Structures are given as structure tokens and as C-alpha cells.
Amino acid sequence: MRFPRLTFRQWVGWFGFALVFLLTAATAVWRGDILRAGLDPQVPFQTYQPPPAPDYDRPAAWVLRDARAPGAGDAAVFFVHSTTYEGGPHWNGPVGAPNGEDWLRRVVIPNYAGPFARLGPVSAPRYRQASLYTRLTLREDARDARAFAYRDVAAAFEAWLERHPEGPIVLAGVEQGGELVERLARERVATDPALRARLVGVYLMDVVAAADGLSPAVPACRRRDQVGCVVAYSPVGEDNDGAARRRLRRALVWDARGRLVELDGRPALCVNPITGSTDTAPVEARAHRGATNATGLEWGAHPALMTREVAAQCRDGLLRHSEPGSESFRDGGSWADRRKSRPYNLFYGDIEADVQTRLAAWRARNAA
């Protein structure tokens with residue numbers, strides 16, 4: 001059997017087709033690495049010049065500054081948002097940078113600061129946040145950038161305390177914002193008896209924290225009516241063992257010198273937000289108080305909650321949960337968006353109920 005002889009033009013065409021096919025396949029395989037490389041500042045953190053520090057006496061330095069929802073009480077809330085700045089030229093994003101500001105206001109604030117809106121005035125500082133790239137690598141430069149962000153959060157906290165010198169307080173944060181709140185609770189609140197007496201609770205949402213890394217003065221919450229304690233959890237789908245292993249392998253936690261180090265086999269802390277305790281027993285979906293997708297909701301508007309949607313269990317330091325059936329709880333957006341805070345909150349109603357219960361316990365204790 002004789003095959004037809006190809007012309008030069010046909011050879012060029014087939015070669016071009018093969019080249020395009022190989023490039024497309026390579027892009028599909030290494031797309032994440034290519035996009036990740038594009039977020040790398042390409043400069044050592046030691047020689048990097050960070051953006052100017054925010055002035056927390058100015059309203060522009062706050063996403064929320066004592067924002068009140070209708071009918072809110074008098075407990076003051078200090079909330080630290082997650083990473084929204086994707087990266088590129090900076091290890092730490094400029095305050096108010098357009099790259100991330102929309103995600104912050106549209107997604108993070110309504111879904112993660114929202115559960116605390118009914119307590120009282122909520123404040124959320126803008127800060128020189130570590131870029132999204134710092135969550136995608138364990139390089140020392142990235143760890144330094146994440147630690148650098150703490151100085152802004154600590155300064156914002158002091159400015160916030162000046163406006164709220166008395167009364168009950170709540171600290172909360174999500175992802176890297178929660179990481180910074182954990183250090184704030186351990187180094188600032190735990191060492192100040194007057195602040196500890198005012199503390200209702202600390203909420204670390206989607207945060208891997210070392211179970212043995214908390215201060216005994218601000219311990220993990222072991223029951224729902226306990227006050228001055230930490231609710232921390234990192235949610236992973238119950239059947240997603242690969243994601244669970246990666247999360248623990250890549251987790252960074254604070255050491256005693258204020259450095260971020262690998263978890264390295266230490267037990268991670270998990271407080272189930274449905275029960276408000278460290279109990280590791282499975283919790284059925286009928287106890288779940290409500291998930292929501294509050295993306296785009298204006299501050300103070302309460303979202304509709306979907307109750308009995310998720311079962312959850314603390315297992316191996318992570319909150320393993322069943323997958324909700326609604327299309328409202330699906331990740332979407334760009335490659336970078338899918339690596340930021342989820343655009344919904346599976347435990348919105350549980351956190352809301354938990355902090356109200358602890359606030360009632362705090363008031364009862366202080367009345368006594």
C-alpha cells in the first residue's frame with residue numbers, strides 16, 4: 001500500500017497543528033504553574049520596598065469602621081479579612097488596591113463579617129495584606145510577607161481599642177486574616193487581663209491552627225457557653241482526602257518568636273461551628289443552622305439561610321463536611337478567584353448563633 005506524498009505546504013500545516021496541540025496540552029497541564037509564576041514579585045522580600053503604611057485615624061484605612069446593622073447590640077467586633085490582592089509587583093498589596101477591592105467588598109465582607117453584624121459595631125481594617133501568591137508557596141519570602149502584615153493589624157487593633165475602651169469585644173478573621181487574629185489573641189489579648197475580661201470569643205474561620213499553639217489564657221472552646229475562647233476550623237469536603245492532606249502539609253503556624261513555621265505533624269485545632277466544641281463526634285445535618293451565599297449583599301441586610309444543609313465532623317484537625325446540594329455553593333470565577341475565600345459561607349447561621357450564645361454567657365457572668 002502506497003501513502004500519498006505530502007507537499008511542503010501540507011508538511012508545514014501538519015507541523016503547525018502538532019505544535020499548537022502540544023502547546024495547548026502543556027498549557028492545560030502547567031496552567032497553574034504559569035499563572036502562579038505570573039504572581040511572583042520576582043524580588044527578595046529582604047530588598048522589597050513595601051507600600052506606605054495605612055493611617056488608622058483616617059476612615060479610608062477601614063473597610064468597615066464601626067458599621068452598624070439595624071437592631072445591632074453593643075458588642076464591638078474587630079474583623080480581619082482574607083487575602084484579596086492577587087499579587088504581581090508586590091509581596092504585600094497597597095491599601096485599597098483595585099486588585100482585590102471588589103472581591104473584598106462583594107464577597108468577603110457579606111459572607112464572613114456578616115455573621116457578626118447583629119452583635120454591634122463591626123470594624124474591618126484595610127492593611128498591607130500578603131498577596132495571594134504567598135498562600136501558594138512555602139518560600140521564606142512568602143512567610144516574611146505574611147508576618148509583615150501583622151504589624152498593620154496590630155496597629156489597627158490599638159486604634160480600634162481607643163474607640164472601644166470598655167464593653168464586650170469579639171475578634172474574628174478568615175483565612176490569612178484569621179491567621180493574623182490568632183497571633184493578636186495570643187500575643188496581645190492573652191497577656192492583658194483587662195482585655196481578657198472583655199473577650200467574648202475569637203473566631204478563626206478557614207484557618208489551620210496548631211492545637212498546642214494557643215495561650216492557656218485564651219484556649220480552644222470546648223463547649224458553647226464558654227467565653228474568652230477560640231473557635232477555629234478549616235473546612236474540607238468529607239471525601240476530599242487529597243485536599244485534606246495538602247492543607248495540612250502546606251499549613252503554616254506561628255511559633256513563639258512570631259515566625260510562620262510548618263505544622264510538621266503537630267495536631268491541628270478544630271472546633272466544630274455547629275456544636276461550638278472540640279467534640280469529634282459526627283454531627284448530622286439536622287443540627288446545621290444555615291449556609292448562605294451572601295455575595296453582593298449590602299451591609300446590614302440579613303441573607304436567607306439554608307438550614308439542615310451540611311453535616312460536619314472534626315477529624316484529624318480538619319472540619320470534614322458533606323457537600324451541599326444547592327448550586328449556590330459552587331466555586332466559580334477565575335483561577336485566582338477559586339483560590340481566595342469561598343464566595344459563600346457554609347456555617348453562617350452556626351457562627352451567628354454561636355457568638356450570640358457566648359455573648360449571653362458573657363453578660364450573665366459579668367452580671368453575677
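A brief report on the enclosed structure follows. (Residues numbered from 1 in each chain as written. Predicted model: local features only at pLDDT ≥ 70, side-chain atom pairs only at ≥ 80, totals over all residues. Heavy atoms only, no water.)

**Describing the sheet that holds strand β2 (residues 76-80)**
With mixed pairing, six strands are arranged side by side in an open sheet as β1-β3-β2-β4-β5-β6. The open sheet terminates on both sides in strands that have one partner only, identified here as β1 (62-67) and β6 (229-233). If you compare each strand with its neighbour and ignore which way they point, the axes differ by 15° on average. Bridge count between β1 and strand β3 (residues 122-125): three bridges; the pairing is antiparallel. Across the sheet, the residue bridging to Leu64 is Ala124, located in β3. (Pairing = 2+ DSSP bridges. Helix = DSSP H or I, 4+ residues; strand = E, 2+ residues; numbered from the N terminus. Axes fitted to C-alpha atoms, helices over the stretch in contact; angles between N-to-C directions.)

**Section: helix α4 (residues 176-189)**
Because each turn of an α-helix spans 3.6 residues, side chains separated by three or four positions end up pointing in the same direction. Spanning 14 residues, α4 covers 19 Å between terminal C-alpha atoms, matching the ideal 20 Å at 1.5 Å per step. Taking burial as the measure, the 14 residues of α4 include twelve buried ones, the bulk of the element. The set of residues buried in α4 consists of Gln176, Gly177, Gly178, Glu179, Leu180, Val181, Glu182, Arg183, Leu184, Ala185, Arg186 and Val189. (Expected span 1.5 Å × (residues − 1). Buried < 20%, exposed > 50% of the residue type's maximum accessible area, 1.4 Å probe, protein only.)

**Examining the state of the cysteines**
The final tally for this structure, using the stated rule, is two disulfides. The disulfide partner of Cys221 is Cys229, and the S-S distance across this bridge is 2.0 Å. In this structure the cystine formed by Cys221 and Cys229 twists about its S-S bond by roughly 95°; its chirality is therefore right-handed. The pair Cys221 / Cys229 is uniform in exposure class, with both members buried. The residue that forms a disulfide with Cys270 is Cys314, at a sulfur-sulfur distance of 2.1 Å. Measuring the twist about the S-S bond at about -70°, one finds the Cys270-Cys314 disulfide to be left-handed. Taken as a pair, Cys270 in the loop between β9 (260-262) and β10 (312-315) and Cys314 in strand β10 lie far apart in primary sequence, 44 residues in all. (Disulfide = S-S within 2.5 Å.)

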